[in-house]
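Chain by chain, the residues run as shown.
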Amino acid sequence: MGVEAHATNERATGRTWTVRLDPVGRGRADVRVSCSRPACAAQVLPSAAVGRTAAVEHLKAHLRAGPAPRPSAYCACRAEECHTHIRPAGPRERPAPWRCGGAVVLAVVTDREGRWWRVMECCSRCAAAHPTAKIAATAPAPDRTAPADAFRAAAASVPTVPAVGPHFSHTAAGASGTAAPHEVPAPRSERPPRPTRQRARRGRIAQRFVPHELRPVALRDELTELGELFRAYQQRAEPDLAMLADLHARKAKAFRAWAEVTADTGLRLDAERAEQAAATARLQHLHRSGQAPEGDGPAVTRLLTASAQWNHARAVLTHVADHAPLPGPEARLLVVMLTLRTAQSGVGNLVGQDLKGLPLPDPEHLVGQLVECGWLDIAGTVDELIASRPENPTRIGVPSLTPDESDPGPFTFGRKMRPKLSGWAQRVVGEKKLRKAKTAADARLLALALATGVSLDGQLGPEGEGLPLEALASWCAVTPAELLELVDRLTATDWLTEVAVTDTVLTGRLTERVLPLSCPLA
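Computed from a predicted model, the values in this text were never measured in an experiment.

Cut-offs applied
Residues numbered from 1 in each chain as written. Predicted model: local features only at pLDDT ≥ 70, side-chain atom pairs only at ≥ 80, totals over all residues. Heavy atoms only, no water. Helix = DSSP H or I, 4+ residues; strand = E, 2+ residues; numbered from the N terminus. Buried < 20%, exposed > 50% of the residue type's maximum accessible area, 1.4 Å probe, protein only. Contact = heavy atoms within 4.5 Å. Pairing = 2+ DSSP bridges. Axes fitted to C-alpha atoms, helices over the stretch in contact; angles between N-to-C directions. Phe/Tyr/Trp six-rings, centres within 6.5 Å; stacked < 30°, edge-to-face > 60°. Lys NZ or Arg CZ within 6 Å of the ring centre and 35° of its normal. Core = buried A, V, L, I, M, F, W, Y, C linked by side-chain atoms within 4.5 Å. Salt bridge = Lys/Arg side-chain N within 4 Å of Asp/Glu carboxyl O. Parallel < 35°, antiparallel > 145°, perpendicular 65-115°, else oblique. Left-handed = near helix turned anticlockwise from the far one by under 90°. Nonpolar A, V, L, I, M, F, W, Y, C, P; charged D, E, K, R; others polar. Patch = residues over 30% accessible without salt bridge, like charges linked within 9 Å, V, L, I, M, F, W, Y side chains within 5 Å. Areas by Shrake-Rupley, 256 points an atom, 1.4 Å probe, with all protein chains shown as cover. Lys, Arg positive; Asp, Glu negative; His and termini not counted. Charge placed at Lys NZ, Arg CZ, Asp CG, Glu CD. Expected span 1.5 Å × (residues − 1). Polar contact = N/O pair within 3.5 Å; in protein donor to acceptor, adjacent residues only side chain to side chain.

Participant: If you had to explain the environment of leucine 267 to someone new, which residues and values would you point to?
Facilitator: You can see leucine 267 is positioned in helix H9 (residues 265–288). For leucine 267, a relative accessible area of 2% gives the class buried. Counting along the chain gives eleven residues from leucine 267 to arginine 256, while the straight-line C-alpha distance between them is 6.9 Å. Aside from chain neighbours lying at most four places away, what touches leucine 267 is Arg208, Phe255, Trp258, Ala259 and Thr262.

In structure tokens, the structure reads:
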């Protein structure tokens, strides 16, 4: 008897499985889609885009065909002793393990790069703690009607009491000798239904549930409304950065008040991040609308409009400076352009005009050197690459940029960002006056460095403090003496103005003409 009771009360561990998207091999475009469920065979598909679509459809098919989450399942996240939910301790706090709670759900968790999707049968509190989790299904509430029905049945079996009450000799009824009937309440089934209490709606914002008991009520309603507004914004066809900035500002204010009520350090940190997000969205709105920050100075419509794009451009130039396979400014410029063509997946397309448009005296020789040293792979010969046309481009690959399971690659931007950065570099390197002056590769490299090293108003260096001569000379692969000649060339081509050179620093300003090509340090 005891063994049977123990088996009845035992809870099954929540289900979990993973769908992955992995490259087939280094330098190849096809990918493998695999599922951890034993009945699913792996698929090989021609590209990452096709593979990602197939992986998502495979996951949806499992969710449609599989059983709903079980109300009595033991949280899979807790069963694996997941450490994701241990909040970072403050200066006077100890880290506390996550406590499970809420309904059992099927949660889909994915990485930010879209390379794996994991389904977990876990509690709603653990699902809310995962930043990327989305709820696919929720277990039904346990059936509570049976106890009430049993109670009614037991009440019905009690013998009924006569519907005639006692009478006394001094009452009028006693004098008349007849018993006055006693008024019995009407049966429960014939009474009018009691008005049901409307349960307050449960809000959710930033993967957090707003508690029903949160006070003041105005704060609870504000958090609930903000969560709905953020979800509605995500469904918009076109972004509205001014609206997004206002939402983040309201979120920062509400989360700060929530943190004061609950003394939760995590809420205070979320409020600070929301303030930063509001400032960033507001700055992006000003740049995209052609306005100057804080209403000062002339409006600048830049080719790259967001601070994240500016940081990615600087990251590419820094990577090339640290990993250039060949010496010399010509090789450095070619490596920059090829890196931007293959930065996201390690492979890309190239035509002969892309090389002929660069200020390279012997592009065939440089490409051959990059192939010989193993930095570059091309489909075919160098001559075929030089002769290729847009309708028949040549496939190229850079093995050091190809991501795999152990190394995701040096860059964090996505496939939509890569062509924007490549187009920006081509605009800088092929700028009209630089081409007319027939400036060499070293001057074009200096133009790239100066475009990514200015303040919002175009002054060189952070807050106009200037740029170190040694760092600029190293980037351009020239000596400091040769760098001064390059500065004069850019000044003559109306790139620089107000130039001043000391023993260590170059100060000045980009001209208004080239400010749209700049990537400010702000």
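After that view of the structure, there is still more to cover.
Participant: Give a description of the sheet that holds strand E5 (residues 116–123) that names residues and reports values.
Facilitator: Taking strand neighbours across the sheet as the criterion, the six strands line up as E3-E2-E1-E5-E4-E6 in an open arrangement whose pairing is antiparallel. The sheet is open, and its two edges are formed by strand E3 (43–45) and strand E6 (134–138), each paired on a single side. With direction set aside, neighbouring strand axes in the sheet form an average angle of 20°. By the bridge criterion, five bridges tie strand E1 (residues 16–23) to E5 in an arrangement that is antiparallel. Looking at the pairing, threonine 16 lines up with methionine 120 of E5. The strands touched by helix H2 (residues 48–65) within the sheet are E1, strand E2 (31–35), E3, strand E4 (104–110), E5 and E6, with E1 carrying the most contacts at an inclination of about 170°.

Participant: Give a description of the pairing of strand E14 (residues 505–510) that names residues and reports values.
Facilitator: Note that strand E12 (residues 467–468) and E14 share two bridges and pair antiparallel. Residue pairing in the sheet places leucine 467 in a bridge with leucine 506 of E14. Of the pairings in the sheet, the one linking strand E13 (residues 496–501) to E14 comprises four bridges and is antiparallel in character. If you follow valine 501 over to E14, its bridge partner there is leucine 506. Hairpin connection, E13 to E14: the antiparallel pair is bridged by three residues.

Participant: Requested: an account of the packing of aromatic side chains, with residues and values cited.
Facilitator: Within this structure, the stated rule accounts for two aromatic pairs. On the numbers, 5.5 Å between centres and 20° between planes, the contact of phenylalanine 411 with phenylalanine 413 is stacked. Looking at phenylalanine 411, the relative accessible area reads 12%, which means it is buried. Between arginine 37 and the ring centre of tryptophan 17, over which it is positioned, the NZ or CZ distance is 4.5 Å. Positioned above the aromatic ring of phenylalanine 255, the side-chain terminus of lysine 251 is 5.4 Å from the ring centre.

Participant: Go over the nonpolar core with me, naming the residues and quoting the values.
Facilitator: Of all hydrophobic cores here, the largest spans 72 residues; its most connected members are Leu334, Leu376, Trp424, Leu446, Leu450 and Trp495. Of the residues forming this core, the biggest block, nine residues, is contributed by helix H17 (residues 441–451). In contact with leucine 446, other than residues within four places in its own chain, are Leu472, Cys476, Leu483, Leu486, Val487 and Leu490. One finds Leu226, Leu247, Phe255 and Trp258 within the second-largest nonpolar core, a separate group that totals 19 residues.

Participant: Break down the pairing of E1 for me, with residues and values.
Facilitator: Relative to E2, E1 runs antiparallel, the two sharing five bridges. Along E2, the bridge assignment pairs arginine 20 with serine 34.

Participant: Tell me about the pattern of salt bridges, and please be specific about residues and values.
Facilitator: A full pass over the atoms with the stated rule returns 19 salt bridges. Of the charged contacts in the structure, one is a salt bridge between aspartate 22 and arginine 20, with a shortest N-O distance of 3.1 Å. Members of the salt-bridge network, linked through shared partners, are Glu431, Lys433, Asp494 and Arg513.

Participant: Pulling in residues and values, what's your account of the environment of cysteine 77?
Facilitator: With respect to the helices and strands, the residue cysteine 77 is situated in helix H3 (residues 76–79). Counting along the chain gives 64 residues from cysteine 77 to threonine 13, while the straight-line C-alpha distance between them is 9.6 Å.

Participant: For the packing of helix H11 (residues 329–342) against helix H13 (residues 363–372), give the residues involved together with the corresponding values.
Facilitator: At a minimum axis separation of 11 Å, H11 and H13 run at an interaxial angle of 70°. In terms of orientation, H11 lies roughly perpendicular with respect to H13. Here H11 and H13 pass one another in a crossing that is right-handed. Within the contact between the two elements, H11 uses Glu330, Ala331, Leu334, Val335 and Leu338 and H13 uses Leu366, Val367 and Leu370. Class assignment for the residues of the contact of H11 with H13 results in seven nonpolar, no polar and one charged.

Participant: Account for a negative patch on the surface, with residues named and values stated.
Facilitator: Taken together, Asp362, Glu364, Asp383 and Glu384 make up a surface patch of like negative charges. Position of glutamate 364 relative to the elements: it lies in helix H13. What makes glutamate 364 partly exposed here is its relative accessible area of 32%.

Participant: Just give me the short version of the packing of H17 against helix H18 (residues 469–476), but keep the residues and values in it.
Facilitator: Closest axis-to-axis distance for the H17/H18 pair is 9 Å, and the angle between their directions is 130°. Here H18 runs oblique to H17, going by the angle between their axes. The two elements H17 and H18 meet at a crossing, and its hand is right-handed. Residues Asp442, Leu445, Leu446, Ala449 and Leu450 of H17 touch H18, and the partners they reach there are Leu472, Trp475 and Cys476. Here the contact of H17 with H18 is built from residues that sort into seven nonpolar, no polar and one charged.

Participant: Can you explain the sheet that holds strand E10 (residues 377–378)? Please cite residues and give values.
Facilitator: The antiparallel open sheet is built from three strands, whose spatial order is E9-E11-E10. Of all strands in the sheet, those bounded by a partner on one side alone are strand E9 (347–350) and E10. Note that E9 and strand E11 (residues 394–397) share four bridges and pair antiparallel. Residue pairing for E11: valine 347 is matched across the bridge by glycine 397. Sheet contacts for H11: E9 and E11; angle to E9, the most-contacted strand, approximately 120°.

Participant: Could you give an account of helix H8 (residues 241–262), naming the residues involved and the relevant values?
Facilitator: Taking 1.5 Å as the rise per residue, H8 with 22 residues should run 32 Å; its terminal C-alpha atoms sit 31 Å apart, in good agreement. Among the residues trailing H8, alanine 263 stands out with phi positive, at a value near 55°.

Participant: I'd love a proper account of the side chain of aspartate 22, names of residues and values included.
Facilitator: Relative to the elements of secondary structure, aspartate 22 occurs in strand E1. A polar atom in the side chain of aspartate 22 sits 3.1 Å from the side chain of arginine 20. Leaving out residues up to four positions away in the same chain, aspartate 22 has contacts with Val31, Arg32, Ser34 and Glu405.

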